[in-house]
Amino acid sequence: MPLKTEEVEEPVLNLTPMIDIVLLLIIFFMVGTKFSDAERQFEIELPTVSDALPLTELPDEVVVSVAKSGELFLGDKLVTIIELEDQLKLAKSRYADQGVVVRGDATGTYQNVMDILAVCHRVGITNLSLANRVAEEDNS
């Protein structure tokens, strides 16, 4: 008795999803080149600058440190309260939302920190931070 054998079906590769993706990529790049062509519409020679700063860069926060003795440091430079006010005015004129971090010694006089806060208020700086550190827990 002869046995009936079925023909083995060969695997088929479905190319439809790959063709869809390729066509979408082609459309994407075609639209992207249209936007770049619009920029080249006018023949404009842009001016050059030797020392240009990026327009989007935000300034760093100004760090004012108060030593236990009451000495003021702007960054790592020793300053007086008048020099500090002048520097903060200059920083405020450059960037309206200038930030200031006040680092006061834990055992120092609180009045020194309040003097800095008063200077910031006179200058018009409202973005203030008081630096602190987290106390380490003693697990023993």
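Up top is the structure these notes are about.
Conventions adopted
- Residues numbered from 1 in each chain as written.
- Predicted model: local features only at pLDDT ≥ 70, side-chain atom pairs only at ≥ 80, totals over all residues.
- Heavy atoms only, no water.
- Helix = DSSP H or I, 4+ residues; strand = E, 2+ residues; numbered from the N terminus.
- Buried < 20%, exposed > 50% of the residue type's maximum accessible area, 1.4 Å probe, protein only.
- Contact = heavy atoms within 4.5 Å.
- Areas by Shrake-Rupley, 256 points an atom, 1.4 Å probe, with all protein chains shown as cover.
- Pairing = 2+ DSSP bridges.
- Right-handed = clockwise from strand over helix to strand, strands pointing away.
- Phe/Tyr/Trp six-rings, centres within 6.5 Å; stacked < 30°, edge-to-face > 60°.
- Core = buried A, V, L, I, M, F, W, Y, C linked by side-chain atoms within 4.5 Å.
- Axes fitted to C-alpha atoms, helices over the stretch in contact; angles between N-to-C directions.
- Parallel < 35°, antiparallel > 145°, perpendicular 65-115°, else oblique.
- Left-handed = near helix turned anticlockwise from the far one by under 90°.
- Nonpolar A, V, L, I, M, F, W, Y, C, P; charged D, E, K, R; others polar.

Student: Just give me the short version of the overall build of the protein chain, but keep the residues and values in it.
Tutor: Along the protein chain, the regular secondary structure elements total three helices and five strands. Put simply, the protein chain runs from its N terminus to its C terminus through helices and strands in the order α-β-β-β-α-β-α-β. With 140 residues in all, the protein chain has 17% of them scored as buried. Look at the contacts in the protein chain between residues 6 or more apart in sequence, and 65% of them connect residues 24 or more apart. Of the roughly 12,700 Å² of accessible surface on the protein chain, a fraction of 58% belongs to carbon and sulfur atoms.

Student: So what's going on with the environment of V63? Which residues, and what values?
Tutor: Counting through the fold element by element, V63 comes out in strand β1 (residues 62-66). A relative accessible area of 30% places V63 in the partly exposed class. In sequence terms V63 and D76 are 13 residues apart; their C-alpha atoms lie 8.9 Å from each other.

Student: Describe the pairing of strand β4 (residues 99-104), listing the residues and the values that go with them.
Tutor: Sheet topology note: the β1/β4 ladder contains five bridges and is parallel. From the neighbouring strand, V66 faces β4, where its bridge partner is G104. The pairing of β4 with strand β5 (residues 127-130) spans four bridges and is parallel. Considered in β5, the bridge of V102 is made with L130. Taken together, β4, helix α3 (residues 110-123) and β5 form a β-α-β motif whose crossover is right-handed.

Student: So what about the packing of aromatic side chains? Which residues, and what values?
Tutor: Centre-to-centre distance and the angle between the planes together describe a pair of aromatic rings. Within this structure, the stated rule accounts for one aromatic pair. Centroid distance F28 to F29: 5.3 Å. Interplanar angle 70 degrees. Geometry classified as edge-to-face. Note on F29: relative accessible area 53%, which makes it exposed.

Student: Break down the nonpolar core for me, citing the residues and quoting the values.
Tutor: The biggest cluster of nonpolar side chains holds 18 residues, and the ones touching the most others in it are V62, V64, L84, L88, V100 and I116. Going through the elements one at a time, β1, β2 (72-74), α2 (81-94), β4 and α3 are the ones with two or more residues in this core. Looking at this core element by element, the count peaks at six residues for α3. Residues within four places of V64 in sequence aside, it is in contact with F73, L74, L84, V100, V101, V102, R103 and I116.

Student: An account of the packing of α2 against α3 is requested, with residue identities and associated values reported.
Tutor: Following both chains from N to C, one finds α2 and α3 inclined at 40 degrees, their axes separated by 10 Å at the closest point. In terms of axis orientation, α2 runs oblique to α3. Crossing of α2 over α3 shows right-handed handedness. For the pair α2 and α3, the contacting residues are I81, L84, E85, L88, K89 and K92 in the first and D115, I116, V119, C120, R122 and V123 in the second. Of the residues belonging to the contact of α2 with α3, the class tally is seven nonpolar, no polar and five charged.

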